[in-house]
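Now for the letters of each chain:
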Amino acid sequence: MRLGLKLTAGIAVFIGLLAVIFYIESSNTAGEQSVRTHGCLLCHPGLFDTPLPGIAEQHSPGTPLRPLLTEAIQNAHSAISADAAARIVEFALPRQQQALALNHQTDAAQALYLAKCAACHGTHGEGQDDRYPPLRGSEWLTATPSRLQEILHRGLQGPITVRGKEWNATMLPPGIPPGEETEQLILFLRQQFARP
Ligand code: HEC
Ligand code: HEC
């Protein structure tokens, strides 16, 4: 009797596991399965999370992305069948769209930096002699976002310390409108310059 119960419970757990595995398998798209079967991510971890090489240059908003991706994948591995390539593109498409959008935002933030900040803080955030403090490695970039936002909107007046060095100057408001642009610029500054 006891043994019978254990056996039944065991079988129930086994069937439950099978059901879970089946559910996970069937919830994968055909594209995802193709990517797995071909081991794309084994050789290229994160391949689809950044724009494929050449795609960012060739793609402009509004033009279809699908043919570009198909071509890039088939050029890279001619042994991949057209069918498999099409399925892999379905998997890659939303990720590439997201990656391209991020890329575009970074480009816009970089353009803003070059136009509004680089003259004083340097193209690479290196600063200028004793006139303008560096942004590269500056502890001001890792301060709270609201502190940075304030600097971008209101400017800054010394005395301040940047990487152990004293500055006592004035930065007038650099003319960055509040809103999304500020946030993108802050993200860009941190990504580019937060580490020395
Ligand atoms: C056995 C390892 C391996 C597998 C599996 C593999 N690739 Fe590649 N792939 C490579 C190598 C090596 C290159 C050439 C890299 C280079 O030239 O720098 C390459 C190049 C590429 C490129 C050109 C861009 C680049 O990063 O150089 C794309 C796109 C690409 N592969 C996509 C795929 C896709 C999609 C799959 C799955 C269908 C896949 N790869 C599977 C090894 C692999
Ligand atoms: C006209 C020159 C000038 C421009 C343009 C300028 N800054 Fe500054 N910035 C300064 C000076 C001078 C200081 C130091 C102010 C002080 O002593 O308090 C400073 C300080 C800073 C600081 C804090 C100290 C540091 O080095 O980390 C940050 C952050 C900063 N600026 C960011 C920016 C950003 C981002 C832009 C572009 C939107 C910009 N600045 C544009 C001159 C400038």
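It should be emphasised that the depicted structure is a prediction, and the values quoted were computed from it without experimental measurement.

Colleague: Sorry if this is basic, but what is going on with the overall build of the protein chain here?
Modeller: When helices and strands are counted, the protein chain shows nine helices and four strands. In terms of overall dimensions, the protein chain is more spread out than a globule: its C-alpha atoms have a radius of gyration of 26 Å, far above the 16 Å expected for 196 residues. Per-residue burial over the protein chain gives 15% buried out of 196 residues. Look at the contacts in the protein chain between residues 6 or more apart in sequence, and 58% of them connect residues 24 or more apart.

Colleague: Quick question: what am I supposed to make of the site of ligand 2 here?
Modeller: Around ligand 2 lies a shell of 25 residues, among which Cys117, Cys120, Ser138, Gly158 and Met171 are the nearest. Of all the secondary structure elements, the ones that give two or more residues to the shell around ligand 2 are helix 7 (118–121), helix 8 (145–154), strand 1 (156–157) and strand 2 (160–162). Partitioning the shell around ligand 2 into residue classes produces 19 nonpolar, five polar and one charged.

Colleague: Which parts of the structure should I look at to understand the nonpolar core?
Modeller: A general feature of soluble globular proteins is that nonpolar side chains tend to end up buried together. Within the largest apolar cluster, eleven residues are counted, these being Val35, Cys40, Phe48, Leu52, Leu69, Ile73, Ala85, Ile88, Val89, Phe91 and Ala92. At the level of elements, helix 5 (66–76) and helix 6 (82–116) are the ones that each hand at least two residues to this core. If you tally residues by element for this core, the top one is helix 6, at five residues. Among residues more than four places away in sequence, those in contact with Phe91 are Thr29, Gly31, Glu32, Ser34 and Val35.

Colleague: Can you help me understand the site of ligand 1 in this one?
Modeller: Surveying the vicinity of ligand 1 reveals 15 residues, the closest of which are His38, Gly39, Cys40, Cys43 and Ala76. Class assignment of the residues belonging to the shell around ligand 1 gives a composition of eleven nonpolar, four polar and no charged.

Colleague: Explain the domain arrangement of the protein chain here, please?
Modeller: The extent of an interface is frequently quoted as the accessible surface area lost upon association of the parts. Domain annotation for the protein chain reports domain 1 (31–112) and domain 2 (122–193). The gap between the C-alpha centroids of domain 1 and domain 2 is 35 Å. The interface of domain 1 with domain 2 comprises six residues on the first partner and five residues on the second. Partitioned by chemical class, the residues of the side of domain 1 that touches domain 2 number three nonpolar, three polar and no charged.

Procedures and definitions
Position numbers for residues count from 1 along each chain, tracking the sequence in the order it is written. All chains are assigned letters beginning with A, and all ligands numbers beginning with 1, in the order in which they are written. Residues qualify for local features only when their pLDDT is at least 70, as the model is predicted, and side-chain atom pairs are given and counted only at 80 or more; totals for whole chains, interfaces and linings, by contrast, use all residues. Helix and strand labels come from DSSP, where a helix needs a run of H or I of at least four residues and a strand needs a run of E of at least two; each type is numbered from the N terminus. Our radius of gyration is a C-alpha quantity, and the globule rule it is checked against amounts to 2.2 Å times the number of residues to the power 0.38. With C-beta atoms placed from the backbone, a residue is labelled by how many other C-beta atoms lie within 10 Å of its own: buried for 20 or more, exposed for 12 or fewer, partly exposed between the two. Once C-beta atoms are placed from the backbone, any two residues with those atoms within 7 Å are in contact. Defining nearness, a residue is near a molecule or strand when the C-beta atom obtained from its backbone falls within 6 Å of it. In the scheme used here, Gly and all other residues not listed as nonpolar or charged are polar, with Ala, Val, Leu, Ile, Met, Phe, Trp, Tyr, Cys and Pro taken as nonpolar and Asp, Glu, Lys and Arg as charged. Defined on buried residues, the nonpolar core groups Ala, Val, Leu, Ile, Met, Phe, Trp, Tyr and Cys residues joined through C-beta atoms within 7 Å. Residue ranges labeled as domains rest on an automatic or database domain assignment.

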